[in-house]
Every structure is written in C-alpha cells, then in structure tokens.
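Survey of secondary and tertiary structure
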Amino acid sequence: MRIEISRSGGFAGMTRTWSLEVSPAEAEERWLPLADRAAEAPRGEEARLERDQRDRYVYHIVIGYQEVTLPESRLDEPWKELIERARRGSTG
Amino acid sequence: MHPHPHCSIVPPHLLAHLAAVDDPRHAVAARAARRALVQLDPLLADRAEAFAAPVPPRTAVGRPLERRISDAGGQEILPGTLIRGEGDGATGDEATDEAYDGLGATDALFREVYGRASIDDAGLPLAATVHYGQQYDNAFWDGERMVFGDGDGDVFGRFTRSLTVISHELTHGFTQYSTNLVYEGQPGALNESLSDVFGVLVEQHHLRQTVDQASWLVGEGVFTDQVQGQALRSLAAPGTAYDDDVLGRDPQPATMSDFVITASDNGGVHINSGIPNHAFYLTALHLGGYAWERAGRIWFDAAVGGGIQANSGFRLFADVTQEAARARFGQDSEEYEAVRQAWAKVEVTG
Ligand SMILES: [Zn+2]
C-alpha cells in the first residue's frame, strides 16, 4: 500500500512530498490505527503549547483512503520512523 | 536579579535623574533615559505634526537586555544546556555566537528605535536553543524561545547564518505579546509578514543600510550551494527568491490577484505573506532613506496601537497602518500617501 507524505510550512514555507510502499499487513497493523488516533485534536496544556508554535512543519499523510494532518509537535517516534523511511527512499 | 524595575512610561523628573546617574551598573537605564529626554527620533523632533502623535515614543527604561543561549546537543529536547548568558564572552561555537549576536541586534532595533524593552515591553529575557535535533532543517518559535536546527547539509545549512532568520523568530515573540494574530489564513500571513518586515529591518538597522542598499531578502545564506536560489523570500520581488530544479520556485504572490488558496502551511501563511510584505517594501521605497525610521515606525505603531485584532485580515491591517501614518505624520503627509498607494498597488484596497 502506498503512503504519501507531504510536509508544508516551516520557516521556509516550502512544500516537499515523499512516498513509500508498505505491505497491506504493515499498513493495517501499524499505520492505519495510528492515523485513527492522530485524528483526535489535543486538549488542555498540549493544545495551548501547540497554539503558540510558529514556523513549525505541518505533515499531511495519506494512507490508502485514510488521511491525517499533523503538526510537527505531535509527531512521535513511529511517525518519525515512517517519514525517515519515505525521505530515504524518495528523490523528490 | 534585575535591579531596574520595569516602567514603560517614566515621569520626566525621574528620567532626568536616571540620565544623570554615573554608576556603570545603571549605564543602560541612564542611556535609555538620556535618549528619552532628547526625543531621540530626529524625524519627530523636526516635524510639528508628529508631536501630536497619539502613540508617543515609549521609553525603554527598565530591565536591560538579557540573552540566554542553550545547546540541545543534537537532541530534540528543550531548552537544552545553558551555554552562553548575558555578558559572557564568545564561545567559539558559530551557532551559539550567531544567535547571541542576532538577539542583540534584534533587541537594539526594538529598544533603541521603537523604545520597546524586549518583546513584551517588560524586559523578558530572550531565550534561544541551538543545535536542535539531527540534521534538523528548520528554525521555529515555540511560544517561549527560538529554536535553531543545523540544517540537513543538503538543502539547508545552519539557520543562524542569516540574521533575518533570528530576527524573524524573535518578532514572532513580539507579535505574541502585541497583536497575537492567529496562525491561520490571512491573520497568519500577517503574523508571518510582521516577522519578515521587522526581520529585514533588524538587518538593515544593524548594517545601517538605506532602502536602496538593502537586499530585502529573508534567509539569505541559509541554502547550501546545491540550491539554485539566493534566499527564502524577497520583499522587493515576492516569488523570485529561489527557482530550483528539485525544490521548485518561490510561491509567494505580490498582489491579491495571485492570492493562493490552500489548506497546507496553515492556509498559506508563508505564501500569502508576500502581499503585505510587498506593501511594506513599496511604502519604504516611496519614502527612501532608512526604512526603519518612517515605514517601520508606522508598522510598529500599527502593531502596538490596539487596532489590530487576533483575527484581523489584510484589509483591516491596511486600514490600521494608514491610520497610524495619518496619526503620526498627518493626513497631508507623504508618509500617509506612501502607505495608501502601497496597499492599493498590491490590490488590498481599491
Ligand atoms: Zn515565521
């Protein structure tokens, strides 16, 4: 299954796109559940911290029919691993 | 410890007292007081109508500049370890020393020219973290401090290499404590534009460059040699800062006809900022000389005058800057005319 990652914003305001191919099993087990959870907006202190951030990147990740938009401050380890894999494998 | 209590409006007799103080421990306050007493701004002193300005020059007597540079040591942690405090000598680490000097240059514009004591006008210490993350290719403001990455070495080098990046980030702090424009759509693009405008003004003030001498570029020197582009943004010619085979070209518009509607980048905050950026440039070009003196003063007055709301769009911002020019320089002034024509040219006003 194809995963498309586009990174916009940042100080430069430059959009970059990377993609990678994962097995349907990996998508089902790792990435789709993570995307479901990520769709929930943060609350309280976390929301306040996120609100005051400037020039951070915004990631838009499309996994099959599922899409999720994540500010950089909400990217935890599994997402970073996925993005790193896509960046290594992409030319654009 | 901060021996100087914060006071933004000081009675003249106290200013006179402070100005006469000869104790090196109070040198900053004494200098600021002397400046306030002589109404440092030569433009205002020359022009009768400017004395009637409803937003008088403030007096930055209070807590002096205090910088704190920390090192994240290549990890994504904040704040990291304090590596250079105010008054400490150079460390020899380029990013640390560039951040320290850049914060000083930014504070100098706001404090010496506009009379604002730090970003909050209450002497808030200025905090920055360098060497954030591994090959981290960004610089950002996290609500309390500036954070600088070393770049990936492929597209971006060290972000502290450009003074305008440092001053841009610190101006996000100024905006947080003044208009607090929300970071989305048109208010977000105005937030970005204020950071670019004061970002380039800090550099121009530091280098004593006139409108004609200045590059009007944001982020010059941040790209590696492998990228075809001189900078990230241009206020003089939005859309021309870079044009690279891999990265594409600078997407900034200069006029409302080319306004970009997009969901990415928080609704194009780094893209549509080209429009108010260019309006500022046109105002400064019309007036000539040092851009921070008149065009910059008008934008500063607008930002602190209370007329801009957190959700203001371009049209309201245009009205408030015109009103600020009228209030300080008069209805028949060339300053008011410069601002009015600039917003019409970028098609924000009719
Ligand atoms: Zn910014």
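Keep in mind it's a predicted model, so treat the numbers as computed, not measured.

1. Things to note about the overall build of chain B
Of the regular secondary structure elements, chain B holds 12 helices and nine strands. Taking all 350 residues of chain B together, the buried fraction comes to 58%. When contacts within chain B are restricted to residue pairs at least 6 apart in sequence, long-range pairs at least 24 apart make up 59% of them. Of the roughly 13,700 Å² that chain B leaves accessible, carbon and sulfur atoms contribute 50%.

2. Topic: the interface of chain A and chain B
The interface of chain A with chain B comprises 21 residues on the first partner and 34 residues on the second. Our count for the chain A to chain B interface comes out at four salt bridges. Ionic pairing is found between B:Asp137 and A:Arg87, a salt bridge with its closest N-O pair at 3.7 Å. Linking chain A with chain B are 14 residue pairs in polar contact (both at pLDDT 80 or more). Examining the composition of the side of chain A that touches chain B, we find that three residues originate from one element, strand β1 (residues 2-9) of chain A, more than from any other.

3. Here's the deal with the coordination of the zinc ion
Distances from the zinc ion to its protein donors, namely A:Asp55 (OD), A:Asp55 (OD), B:His168 (NE2), B:His172 (NE2) and B:Glu192 (OE), fall within the range 2.0 to 2.3 Å. Taken together, the positions of B:His168 and B:His172, both in helix α6 (residues 163-176) and four residues apart, correspond to about one turn of that helix. Assessed through its relative accessible area of 1%, B:His172 is described here as buried.

4. A few points about the layout of surface pockets
Empty space within the largest pocket amounts to approximately 1,000 Å³. Every residue lining the largest pocket is counted, 41 residues in all, and those nearest its centre are A:Arg7, A:Tyr59, A:Arg87, B:Tyr136 and B:Asp137. Where the lining of the largest pocket is concerned, the elements lending two or more residues are β2 (16-21), α2 (44-51), β3 (57-63) and α3 (77-89) of chain A. Considering every element that reaches the lining of the largest pocket, the biggest residue donor is α3(A), with five residues. Grouping the constituent residues of the lining of the largest pocket by class yields 13 nonpolar, nine polar and 19 charged. Here the lining of the largest pocket spans two domains, since at least three of its residues come from each of domain 1 (7-176) and domain 2 (185-345) of chain B.

5. Quick look at the UniProt feature "active site" (unreviewed entry) in chain B
The UniProt feature table records "active site" (unreviewed entry) at B:Glu169 and B:His270. Taken together, the annotated residues stretch across 102 residues yet fold into one region, lying no more than 13.2 Å apart by C-alpha. When you line up the elements, B:Glu169 lands in helix α6. Other than its neighbours up to four places away in sequence, B:Glu169 contacts A:Phe11, A:Arg54, A:Asp55, B:Ala139, B:Phe140, B:Trp141, B:Met146 and B:Phe148. Polar side-chain contacts of B:Glu169 include one of 3.2 Å to the backbone nitrogen of B:Trp141.

6. Some details on the sheet that holds β3(A)
All names here are of chain A. Read from one edge to the other, the open sheet built from four strands follows the order β2-β1-β3-β4, with strand pairing classed as antiparallel. Looking along the sheet, the strands with just one partner apiece sit at the ends: β2 and β4 (66-71). With strand direction ignored, the average angle separating the axes of adjacent strands in the sheet is 15 degrees. In the sheet, β1 pairs with β2 via six bridges, with the strands oriented antiparallel. From the neighbouring strand, Glu4 faces β2, where its bridge partner is Ser19. The sheet contacts of helix α1 (residues 24-38) involve β1, β3 and β4, and relative to β4 the element is tilted by about 60 degrees.

7. Looking at helix α11 (residues 314-329) of chain B
Residue and element names in this part refer to chain B. Helix length check: α11 (16 residues) gives 22 Å between terminal C-alpha atoms against 22 Å at 1.5 Å per residue, within 8%. Restricting attention to buried positions, one finds in α11 the residues Phe314, Phe317, Ala318, Val320, Thr321, Gln322, Ala324, Ala325, Arg328 and Phe329. Where α11 terminates, the next one or two residues include Gly330, which has phi positive at roughly 100 degrees.

8. Structural notes on the packing of helix α5 (residues 94-113) of chain B against α6(B)
Residues and elements named next belong to chain B. Across the interface, α5 lies against α6 with an axial gap of 9 Å and an inter-helix angle of 55 degrees. Here α5 lies oblique to α6, going by the angle between them. For the element pair α5 and α6, the recorded crossing hand is right-handed. In this structure, α5 contributes Glu98, Ala99, Gly102, Leu103, Ala105, Thr106 and Phe110 to the contact, and α6 contributes Leu163, Ile166, Ser167, Leu170, Thr171 and Phe174.

9. Things to note about the side chain of B:His131
Residue and element names in this part refer to chain B. With respect to the secondary-structure elements, His131 resides in the loop between β3 (126-130) and β4 (139-141). Separated by 2.8 Å, the side chains of His131 and Asp150 make a polar contact. Ignoring sequence-local partners within four residues, the contact set of His131 consists of Asp71, Ala72, Gly73, Gly74, Gln75, Asp93, Ala95, Phe148 and Asp150.

Rules behind the numbers
- Residues numbered from 1 in each chain as written.
- Chains lettered and ligands numbered in written order.
- Predicted model: local features only at pLDDT ≥ 70, side-chain atom pairs only at ≥ 80, totals over all residues.
- Heavy atoms only, no water.
- Helix = DSSP H or I, 4+ residues; strand = E, 2+ residues; numbered from the N terminus.
- Buried < 20%, exposed > 50% of the residue type's maximum accessible area, 1.4 Å probe, protein only.
- Contact = heavy atoms within 4.5 Å.
- Areas by Shrake-Rupley, 256 points an atom, 1.4 Å probe, with all protein chains shown as cover.
- Salt bridge = Lys/Arg side-chain N within 4 Å of Asp/Glu carboxyl O.
- Polar contact = N/O pair within 3.5 Å; in protein donor to acceptor, adjacent residues only side chain to side chain.
- Donors = N, O, S within 2.8 Å, 3.2 Å for Na, K, Ca; no water.
- 1 Å grid on protein atoms, 1.4 Å probe; cavity = no way out; pocket = protein on both sides within 12 Å on 5 of 7 lines; lining within 4 Å.
- Points joined across faces, edges and corners; volume = space filled by probe spheres on them.
- Nonpolar A, V, L, I, M, F, W, Y, C, P; charged D, E, K, R; others polar.
- Domains from an automatic or database assignment.
- UniProt positions renumbered as here; feature names shortened; annotations may be inferred.
- Pairing = 2+ DSSP bridges.
- Axes fitted to C-alpha atoms, helices over the stretch in contact; angles between N-to-C directions.
- Expected span 1.5 Å × (residues − 1).
- Parallel < 35°, antiparallel > 145°, perpendicular 65-115°, else oblique.
- Left-handed = near helix turned anticlockwise from the far one by under 90°.

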